[in-house]
Amino acid sequence: GAVVSQHPSRVICKSGTSVKIECRSLDFQATTMFWYRQFPKQSLMLMATSNEGSKATYEQGVEKDKFLINHASLTLSTLTVTSAHPEDSSFYICSARDRVRNTGELFFGEGSRLTVL
Amino acid sequence: QQQVKQSPQSLIVQKGGISIINCAYENTAFDYFPWYQQFPGKGPALLIAIRPDVSEKKEGRFTISFNKSAKQFSLHIMDSQPGDSATYFCAASMENTGNQFYFGTGTSLTVIP
């Protein structure tokens, strides 16, 4: 099956710094990638839809200036948490659909655990 | 508004028993209904999925039952094993539009030996 690689898997940073998380589709082209945030024992909360070559579409209540999303190529999307604060600590997961094979399946990365001190 | 409602929130089953998780949806335009399995600290992984043209799909010990008229679908795990202990999410989407997936709230399954 298709593989989505997410890096880093864990990151600890100081309050006020910025953190970049990468999401790569390893064996397929993903014109659309999705970024989710997940709190402990809760469901996945869609943050934004990342479209290759265009601006991301953010869900209501998600600060686009805090969570910068860039989808520069068909295989890479990045999420940058700017000026991170402890309340940004969470599990961030990306996902992508293979538009060529178009099986409908959504492939998830392994997630990135962000801890802001 | 929760597009997909999932129950129960948690489930404890004896080894060898049947685990049943239920989901209901509102939007009749949904045409793809996957179930995802998530272990702690990992991303969700597709377990099994169904489209509304069939009422049941079975893959090994996992079966999806789909009731289009009731707008409900369920996951049945037969012969549940301790290794099945995980969180399960149902989801729904409109497959050909590239739209987002709408996830249920998740069910934490514990299979006790």
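Anything mentioned here points back to the structure above.
How should the overall build of chain A be read in this particular structure?
Along the backbone of chain A there are 0 helices and 11 strands. Reading chain A from its N terminus to its C terminus gives the helix and strand order β-β-β-β-β-β-β-β-β-β-β. Taken over C-alpha atoms, the radius of gyration comes to 13 Å for chain A, in line with the 13 Å a tight globule of 117 residues would show. With respect to the principal axes defined by its C-alpha atoms, chain A has extents near 40 × 25 × 20 Å. The burial tally for chain A puts 52% of its 117 residues in the buried class. Taking contacts inside chain A between residues at least 6 apart in sequence as the whole, the part at least 24 apart equals 55%. Carbon and sulfur atoms make up 50% of the accessible area of chain A, which amounts to about 5700 Å² in all.

Hey, could you run me through the pattern of salt bridges in this one?
Side chains bearing opposite charge may pair, as long as their charged atoms lie close to each other. If you walk through the whole model with that rule in mind, you get 6 salt bridges over all chains. In this structure, Asp-88 of chain A and Lys-66 of chain A form a salt bridge, with 2.8 Å as the shortest nitrogen-oxygen distance. Taken together, the residues Asp-88 of chain A in the loop between strand S8 (76–81) and strand S9 (90–97) and Lys-66 of chain A in the loop between strand S6 (57–58) and strand S7 (67–73) connect sequence positions 22 residues apart. Comparing Asp-88 of chain A with Lys-66 of chain A shows no difference in burial state: the two are buried. Asp-84 of chain B is the salt-bridge partner of Arg-61 of chain B, the closest N and O atoms lying 2.8 Å from each other. Of this pair, Arg-61 of chain B sits in the loop between strand S6 (56–59) and strand S7 (62–67) while Asp-84 of chain B is found in the loop between strand S8 (72–77) and strand S9 (86–92), placing the two residues 23 residues apart along the sequence.

Cut-offs and rules
- Residues numbered from 1 in each chain as written.
- Chains lettered and ligands numbered in written order.
- Predicted model: local features only at pLDDT ≥ 70, side-chain atom pairs only at ≥ 80, totals over all residues.
- Heavy atoms only, no water.
- Helix = DSSP H or I, 4+ residues; strand = E, 2+ residues; numbered from the N terminus.
- Rg over C-alpha atoms; globule rule 2.2 N^0.38 Å.
- Buried < 20%, exposed > 50% of the residue type's maximum accessible area, 1.4 Å probe, protein only.
- Contact = heavy atoms within 4.5 Å.
- Areas by Shrake-Rupley, 256 points an atom, 1.4 Å probe, with all protein chains shown as cover.
- Salt bridge = Lys/Arg side-chain N within 4 Å of Asp/Glu carboxyl O.

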